[in-house]
Amino acid sequence: MTVAAEGSPALSRSRARRNALLQSESVQGFALISPTFLYALILLVLPILVVIAHSFWTQHYLTIDRTFTLENYRIALTEPIYRDLLWRSLYISLTVSFFTVILAYPIAFFISFHGGRHKGLWLFLITIPFWTSYLLRVMSWKVILGYNGVLNSGLMGLGIIDEPSTALLYNTSAVIITLTHAWAAFAILPIFVSLEKVDRTLIEAAKDLGDGPLRSFLRVTLPLSAPGVISAILIVMIPTVGDYVTPRLVGGKDGVMIANAIQAQFGKAANWPLGAALSVTTMFIVTLMAGATVFVIRSAARLAR
Amino acid sequence: MKGLRRFLPGNSWLAVYALLYVAFLYLPIIFLPIFSINTSATPKFPLSGFTLQWYEDLPNTPALLDAAWNSLIVGVSAAVLSTTLGILAARAITRYRFPGRRPINALIMAPLVLPEVIVAISMLLVMLQLGLSLSLFTVVLGHILVCIPYSMTVLISGFEGFDRSLEEASADLGESAFGTFRRVTLPMVAPAIISSLLVSFTISLDEFIIAFFLTGTEATLPVYIWGQLRFASKLPGVLALGTLLLIASFLLMTIAEILRRRAARRTQNEGGLYA
């Protein structure tokens, strides 16, 4: 029956028409997206390739020597100053992602499970502060944590301390606090989205089968929200490694990060190849860390289930 | 166990936490307006008195007015161009299936998760090598790249669920492809497009890193603010300017969000009615 049908001319004609339709759909879709695609190729992919190329070259004053060398990478990975900056950037970005996600999860959970009709309003309330200039938000933290700042004058007004503390600003903790604040919404949103996708009947089932709220949370809700947690970590971790503004404004001497060193190589020091090697090393390490995070969380979620 | 049960199924404890967390999110932002109307030049408590002097000084600062004008030019150009590119891509993603759809989409969205400094510096490197002199034009090029992902998010949410049969009906009744787009598709998705324009304008208005690296001698508002931050005596002026920018961003984003929701509701509801 099927064989006979396949041989029938009417059906093969309709299949041909469908193929033609599919093909024209592919062509139309691709044609439509190509300007945007080309833009991203020319202004994002090409520049990054140029940076990678530079990282293997050497600079003599104003001329670039295009002989292949790994010298820049040797400097980037072994010179104590760059090695320390890389470590500190990784440490800061891991700490920030950890705190951001830990603090964001309960909020996302609350909105998804108890937000009721006000889910949209809660989300909007949370995103509003992030549509204001990043620069201004960092500067506000400086106003809060500074020597004459809000926190110091507040604590003094309450009689808790006698003189302003200098320990609040210009160090790694100030950078961590500021960044944890700055990226909060970017962690809440993906976790919320994944919690929304959790099938509520599975939780009911777990409860019917005798799991308490904690157990059903740990064995059903948490593992099923793992994709959201993964994207939250990545979305916070990757950009914070390369943050430039926060270390400059609230980091002081001990809070400088790798982006500041990269900028210096492209600016004052005028050593593009070294700056390029530092950028590529940063991107490479971040990619490794991102891969490791995805692997660890996926395995943990599988084990918990 | 009883305590845990009270905590985990949410309600009161979680609600208190949520409120505290939102307060933390707004904490740094409320100090901008408060100290911008304080008479003292150093931002500290107790407040010394009420003044509008810092606001009155703003229009008398030519460098600031230039920066505001530059930001306006950059913002409008970046918004229009990134929304145009966003419409094409969002339409392709939501309407057609084609090979490479996912990787291309991922590439277009990539600036969202790349360290911005690296994006800025690589663009700077290419522009210097091509012999392009840095100007507002190079800033616009950079801003378009970072605005596209945000435009796409808004536009895709507005285009999704769009009922194709409306377009087919229009074609069957003799409209041309362009006529269908202009008279059927466009009115349905117009709120999403306006929302995308507002979102990308806001992003561009507030964006600092790309502008900092790619600007020549003409500063945008955030670049101007960055320059002022070096001088402690300029802080109140910066706070006043910051407050104005805050209000502008807030208004633009609220309008954008209302329009985005209207667009999403419109396409989905119509689709549901006629499906």
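Residues numbered from 1 in each chain as written. Chains lettered and ligands numbered in written order. Predicted model: local features only at pLDDT ≥ 70, side-chain atom pairs only at ≥ 80, totals over all residues. Heavy atoms only, no water.

Hey, could you run me through the side chain of Ser151 of chain B in this one?
All names here are of chain B. Residue placement: Ser151 occurs in helix H7 (residues 136-159). The exposure class of Ser151 is buried, given its relative accessible area of 1%. Residues contacting Ser151, with those up to four places away along its chain left out, are Ser82, Thr83, Ser196 and Ser200. (Helix = DSSP H or I, 4+ residues; strand = E, 2+ residues; numbered from the N terminus. Buried < 20%, exposed > 50% of the residue type's maximum accessible area, 1.4 Å probe, protein only. Contact = heavy atoms within 4.5 Å.)

For this particular structure, what's the right way to read the UniProt feature "domain: ABC transmembrane type-1" (unreviewed entry) in chain A?
Mapped onto the present numbering, the UniProt feature "domain: ABC transmembrane type-1" (unreviewed entry) falls at residues 86-293 of chain A. Helix makes up 76% of residues 86-293 of chain A and strand 0%, with an end-to-end C-alpha separation of 18 Å. (UniProt positions renumbered as here; feature names shortened; annotations may be inferred.)

Before we go on, may I ask you to explain the packing of aromatic side chains in this structure?
To describe a pair of aromatic rings, you give the distance between the ring centres and the angle between the ring planes. Overall, the coordinates contain 23 aromatic pairs over all chains when judged by the stated rule. Taking 6.0 Å as the distance between ring centres and 25 degrees as the angle between the ring planes, the aromatic pair formed by Phe31 of chain B and Phe35 of chain B counts as stacked. Placement of the pair is Phe31 of chain B and Phe35 of chain B together in helix H2 (residues 12-36), with a separation of four residues, close to one helical turn. Comparing Phe31 of chain B with Phe35 of chain B, the two get one shared label, buried. Clustering of aromatic rings is evident, with ring pairs tying together Tyr244 of chain A together with Phe208, Phe212, Phe213 and Trp226 of chain B. Positioned over the ring face of Phe113 of chain A is Arg200 of chain A, at 4.0 Å from the centre of the ring. (Phe/Tyr/Trp six-rings, centres within 6.5 Å; stacked < 30°, edge-to-face > 60°. Lys NZ or Arg CZ within 6 Å of the ring centre and 35° of its normal.)

Hey, could you run me through helix H11 (residues 221-228) of chain B in this one?
Residues lying three or four places apart along an α-helix face the same way, a consequence of the helix completing one turn every 3.6 residues. In terms of burial, H11 of chain B is a largely internal element, eight of the eight residues being buried. Among the residues making up H11 of chain B, those that are buried are Leu221, Pro222, Val223, Tyr224, Ile225, Trp226, Gly227 and Gln228 of chain B.

What is the right way to read the UniProt feature "transmembrane region" (unreviewed entry) in chain A from this model?
All names here are of chain A. UniProt marks residues 37-57, 90-113, 119-136, 143-161, 173-195, 216-238 and 276-297 with the feature "transmembrane region" (unreviewed entry), using the numbering shown here. Structurally, residues 143-161 comprises 58% helix and 0% strand, and the distance from its first C-alpha atom to its last is 18 Å. Taken end to end, residues 276-297 is 100% helix and 0% strand, and its first and last C-alpha atoms sit 32 Å apart.

How should the packing of helix H6 (residues 134-145) of chain A against helix H7 (residues 150-157) of chain A be read in this particular structure?
Helix-helix packing: each pair is described by the crossing angle between the helix axes and the interaxial distance. Residue and element names in this part refer to chain A. Contact geometry of H6 with H7 gives a least axis separation of 4 Å together with a crossing angle of 25 degrees. Judged by the inter-axis angle, H6 sits roughly parallel to H7. Where H6 approaches H7, its residues Val143, Ile144 and Leu145 are matched on the opposing element by Val150, Leu151 and Asn152. Here the contact of H6 with H7 is built from residues that sort into five nonpolar, one polar and no charged. (Axes fitted to C-alpha atoms, helices over the stretch in contact; angles between N-to-C directions. Parallel < 35°, antiparallel > 145°, perpendicular 65-115°, else oblique. Nonpolar A, V, L, I, M, F, W, Y, C, P; charged D, E, K, R; others polar.)

Would you explain the environment of Leu245 of chain B in this entry?
Structurally, Leu245 of chain B can be placed in helix H12 (residues 235-274). Given the relative accessible area of 7%, Leu245 of chain B is considered buried. Sequence separation between Leu245 of chain B and Phe212 of chain B is 33 residues, and the spatial gap between their C-alpha atoms is 18 Å. Each residue touching Leu245 of chain B, except ones within four places of it in the same chain, is listed here: Leu136 of chain A together with Leu205, Leu221 and Ile225 of chain B.

What exactly am I supposed to notice about the interface of chain A and chain B here?
The extent of an interface is frequently quoted as the accessible surface area lost upon association of the parts. Listed by partner, the interface residues are 75 residues for chain A and 89 residues for chain B. Together chain A and chain B conceal approximately 7,500 Å² of surface at their shared face, both sides included; 83% is due to carbon and sulfur atoms. Viewed at the interface, chain B and chain A are joined by zero salt bridges. With 21 residues, helix H2 (residues 9-55) of chain A is the single largest residue contributor to the side of chain A that touches chain B. (Buried area = accessible area lost by both parts, 1.4 Å probe. Salt bridge = Lys/Arg side-chain N within 4 Å of Asp/Glu carboxyl O.)

What exactly am I supposed to notice about the UniProt feature "transmembrane region" (unreviewed entry) in chain B here?
Taken from the UniProt record, the annotation "transmembrane region" (unreviewed entry) applies to residues 12-35, 67-94, 106-128, 134-156, 192-215 and 235-256 of chain B. Secondary structure within residues 12-35 of chain B divides into 100% helix and 0% strand; the distance between the first and last C-alpha atoms comes to 34 Å.

Can you help me understand the confidence of the model for chain B in this one?
Close inspection of predicted coordinates is inappropriate in any region flagged by low pLDDT. Residue and element names in this part refer to chain B. The predicted model of chain B has a mean per-residue pLDDT of 85, with 92% of residues at 70 or higher. When mean pLDDT is taken per element in chain B, helix H4 (residues 62-95) scores highest with 94 and helix H1 (residues 2-7) scores lowest with 44. Note that pLDDT drops below 50 for residues 1-10; the model gives that stretch 15 contacts with residues more than four away or on any other chain. Overall, residues 269-275 carries pLDDT values under 50, and its contacts beyond four positions in sequence, including any with other chains, amount to seven contacts. (pLDDT = per-residue confidence, 0-100.)

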